[in-house]
Amino acid sequence: MGTATEAFVAHRNLLFTVAYEMLGSAADAEDVLQETWLRWVDVDLETVRDQRAFLVRVTTRQALGRLRTLGRRKESYVGPWLPEPLLTAPDVAEDIELADSVSMAMLLVLETLAPTERAVFVLREVFDLAYDEIAEAVDKSPAAVRQIAHRARAHVAARRPRGVVSPAEAHDALDAFKRAVETGDLQRLLDILAPDVVLLTDGGGVVQAALAPLVGAGTVADVLGKIAAASLQPAQVNGRPALLVRLNGDIDTVLAVRIEDGLITGLYAVRNPEKLAHMERETALRR
């Protein structure tokens, strides 16, 4: 491999993670990496002082452009839009900060930020880039980036799940949920669901799904009772324990959860077949 190829391959997982956290779409993140590669091969490497920083900067700019396009697509999306789930390796879960940053719950919080705010937050809070590096990536002054970072941090803090849930806590809650669904034990299911739990189902207009959020333990339990006949398989999705709902061996739904104080407060059911392509093999994520 040439020097340019070696450098790109060495940083590829990091670049994918940057793009995915900015977009919430693995397919779009892959496209961003392709665009970054096409620009990278035309660069005179002798002029690049820090290859990692340079590649992150190009990836960020490409992702920002695509994020604005993605925003227009979401406006015409049928029903709730959820991030594209990823089957992740155990090492992602071991990096608590990385797992938190790519969780379904956090990606949905990031959706509420403006594009530049999202880029600044991801680069600063997740990847710990210096303000001057971020400034180059988003075409702002370092002082402006500091202000944006402060605003984005406060915005996220007000909306992110409260407290840190350990992998053991998440596993126990999901296991209790799985057993309740499989056995049809309504009371056990109600015991693990928060009273104001919210279920979002993403079918994209392709498969059957609720077109609006379903709220309340009773309502959500009633819907979940209908999947008891399916096969529920534990998996690591976006760095967190989740369930794969299989019908006739095929993945029908990816079910991720948000857990607070030992109860499930959010359920994210991705059913759109176009979003399940990255669930057959593990995706490597890096900070």
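To start, this report covers the structure provided alongside it. Please read all numbers here as calculations on a predicted model, not as lab measurements. (Residues numbered from 1 in each chain as written. Predicted model: local features only at pLDDT ≥ 70, side-chain atom pairs only at ≥ 80, totals over all residues. Heavy atoms only, no water.)

### Comments concerning the pairing of strand β3 (residues 231–237)
The two faces of the sheet receive side chains in turn, since in a regular strand these alternate between them.
Item 1. Sheet topology places β3 next to strand β4 (residues 240–247); seven bridges connect them, and they run antiparallel. Note that in β4 the partner of Leu232 across the bridge is Val245.
Item 2. As consecutive antiparallel partners, β3 and β4 are separated by two residues, and within that stretch Asn238 has a phi angle of approximately 50 degrees, a positive value. (Pairing = 2+ DSSP bridges. Helix = DSSP H or I, 4+ residues; strand = E, 2+ residues; numbered from the N terminus.)

### What to know about empty space enclosed by the protein
If a probe the size of a water molecule is rolled over the atoms, the empty space left behind becomes visible.
Item 1. Inspection of the entire model under this criterion finds one cavity of 30 Å³ or more.
Item 2. Of the volumes computed, that of the largest cavity is approximately 40 Å³.
Item 3. Around the largest cavity sit Ala53, Val56, Arg57, Leu129, Glu133 and Ala137, which together line it.
Item 4. Secondary-structure elements contributing two or more residues to the lining of the largest cavity are α3 (51–75) and α8 (131–138).
Item 5. Broken down by element, the residue count for the lining of the largest cavity peaks at three residues, all from α3. (1 Å grid on protein atoms, 1.4 Å probe; cavity = no way out; pocket = protein on both sides within 12 Å on 5 of 7 lines; lining within 4 Å. Points joined across faces, edges and corners; volume = space filled by probe spheres on them.)

### What about the packing of helix α7 (residues 115–126) against helix α9 (residues 142–159)?
Item 1. Relative to each other, α7 and α9 sit at 90 degrees, their axes nearing to 9 Å. In terms of axis orientation, α7 runs roughly perpendicular to α9. Residues Thr116, Glu117, Val120, Phe121, Arg124 and Glu125 of α7 touch α9, and the partners they reach there are Val145, Ile148, Ala149, Arg151, Ala152, Arg153 and Val156. (Axes fitted to C-alpha atoms, helices over the stretch in contact; angles between N-to-C directions. Parallel < 35°, antiparallel > 145°, perpendicular 65-115°, else oblique. Contact = heavy atoms within 4.5 Å.)

### Let's talk about the environment of Leu23
Item 1. With respect to the secondary-structure elements, Leu23 resides in helix α1 (residues 3–23).
Item 2. Aside from chain neighbours lying at most four places away, what touches Leu23 is Asp28, Ala29, Val32, Ala63, Arg66, Leu67, Leu70, Lys74, Trp81, Glu111 and Arg118.

### Digging into the sheet that holds strand β5 (residues 250–260)
As a general point, the strands of a sheet are linked pairwise by backbone hydrogen bonds and lie either parallel or antiparallel.
Item 1. Taken in spatial order, the six strands of this open sheet run β2-β1-β6-β5-β4-β3, and their pairing is mixed. Each having just a single partner strand, β2 (214–215) and β3 make up the two edges of the open sheet.
Item 2. In terms of strand pairing, β4 meets β5 through five bridges, oriented antiparallel. Across the sheet, the residue bridging to Val245 is Thr253, located in β5.
Item 3. Sitting on the sheet, helix α10 (residues 167–183) touches β1 (193–202), β3, β4, β5 and β6 (263–270), and the angle it makes with β4 is about 25 degrees.
Item 4. Contacting β1, β2 and β6, helix α12 (residues 217–224) crosses the sheet at an angle of about 50 degrees to β1.

### Details of the pattern of salt bridges
Pairing is possible between side chains that carry opposite charge, provided their charged atoms lie close to one another.
Item 1. Taken as a whole and judged by the stated rule, the model has 21 salt bridges.
Item 2. Taken together, the shared-partner salt bridges connect Asp28, Asp31, Glu35, Arg66 and Arg73 into one network. (Salt bridge = Lys/Arg side-chain N within 4 Å of Asp/Glu carboxyl O.)

### Considering the nonpolar core
Item 1. Membership of the largest hydrophobic core comes to 53 residues, with the highest contact counts inside it found for Phe16, Trp40 and Leu110.
Item 2. Elements that contribute at least two residues to this core include exactly α1, α2 (26–40), α3, α5 (96–102), α6 (104–110), α7, α8 and α9.
Item 3. Excluding residues within four positions of it along the chain, Trp40 makes contact with Ala4, Ala7, Phe8, Leu45, Val48, Gln51, Phe54 and Leu55.
Item 4. Ile192, Val197, Ile264 and Leu267 belong to the second largest nonpolar core, which has 27 residues in total. (Core = buried A, V, L, I, M, F, W, Y, C linked by side-chain atoms within 4.5 Å. Buried < 20%, exposed > 50% of the residue type's maximum accessible area, 1.4 Å probe, protein only.)

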